[in-house]
Amino acid sequence: FVDIYLPEKNLIIECQGDYWHMNPKKYSATDYNKTIKRTAAEQWEKDKNRRLYMEYAGYKVVELWESEINAQDYSKLDIYL
């Protein structure tokens, strides 16, 4: 499952929670999240592999961080919309 799919743009938008996906602006690679039982580096690798899988399948993928959404900063989408 993906968070948002826009078929007319062949675009997937993933909304990454700052806590759950360990926003690199807030966490260092060695920080450990007890809830997901992974370091930030491990979570980033998992997210990267998921993104690469979707891109390999032919989709454009944009990841928006929770903090970007809260600030209404959707500039990453500009080139697609």
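Note that this is a predicted model, so its numbers are computed, not measured. Throughout, a residue's number is its position along its own chain's written sequence, starting from 1. Whole-chain, interface and lining totals are the exception, using all residues; otherwise, since this is a predicted model, local features are given only for residues with pLDDT of at least 70 and side-chain atom pairs are given and counted only at 80 or more. To obtain the side-chain values, all non-hydrogen atoms of the structure were used and water was disregarded.

### Some thoughts on helix α1 (residues 40-56)
The first and last C-alpha atoms of α1 sit 24 Å apart over 17 residues, in line with the 24 Å expected at 1.5 Å per residue. Should any heavy atoms of two residues lie within 4.5 Å, those residues are counted as being in contact. Only runs of H or I of at least four residues qualify as helices and only runs of E of at least two qualify as strands under DSSP, and these elements are numbered from the N terminus. Its buried side turned inward, α1 meets β2 (11-16), β4 (38-39) and β5 (60-65). A positive phi of about 105° marks Gly 58, the residue just after α1. A helix is expected to reach a length of 1.5 Å times the quantity of its residues less one.

### Some details on the nonpolar core
Counting 5 residues, the largest nonpolar core is built from Leu 11, Ile 13, Val 62, Leu 64 and Leu 77. Among the secondary structure elements, those contributing two or more residues to this core are β2 and β5. Discounting chain neighbours no more than four positions away, the residues touching Ile 13 are Asp 3, Ile 4, Leu 6, Val 62, Leu 64 and Leu 77. We call a set of buried Ala, Val, Leu, Ile, Met, Phe, Trp, Tyr and Cys residues a nonpolar core when their side-chain atoms join them within 4.5 Å. The buried label goes to any residue with under 20% of its type's maximum accessible area, the exposed label to any with over 50%, and the partly exposed label to all in between, with areas taken from a 1.4 Å probe on protein chains only.

### With respect to a nonpolar patch on the surface
Residues form patches when they are more than 30% accessible in relative terms and have no salt bridge. Like charges link within 9 Å. Nonpolar side chains (Val, Leu, Ile, Met, Phe, Trp, Tyr) link within 5 Å. Under the convention used here, a 1.4 Å probe and the Shrake-Rupley method define accessible areas, while residue burial counts only the protein chains that appear. Salt bridge, as used here, is a side-chain nitrogen of Lys or Arg placed within 4 Å of a carboxyl oxygen of Asp or Glu. On the surface, a cluster of nonpolar side chains totalling about 230 Å² of accessible area is made up of Val 2, Tyr 5 and Tyr 59. Given the relative accessible area of 32%, Val 2 is considered partly exposed.

### A closer look at the pattern of salt bridges
In this structure the tally under the stated criterion is 5 salt bridges. Of the charged contacts in the structure, one is a salt bridge between Glu 14 and Arg 50, with a shortest N-O distance of 3.0 Å. Of this pair, Glu 14 sits in strand β2 while Arg 50 sits in helix α1; the two residues are 36 residues apart in sequence, bridging distant segments of the chain. We classify Glu 14 as buried; its relative accessible area is 6%. For Arg 50, a relative accessible area of 35% translates into the label partly exposed.

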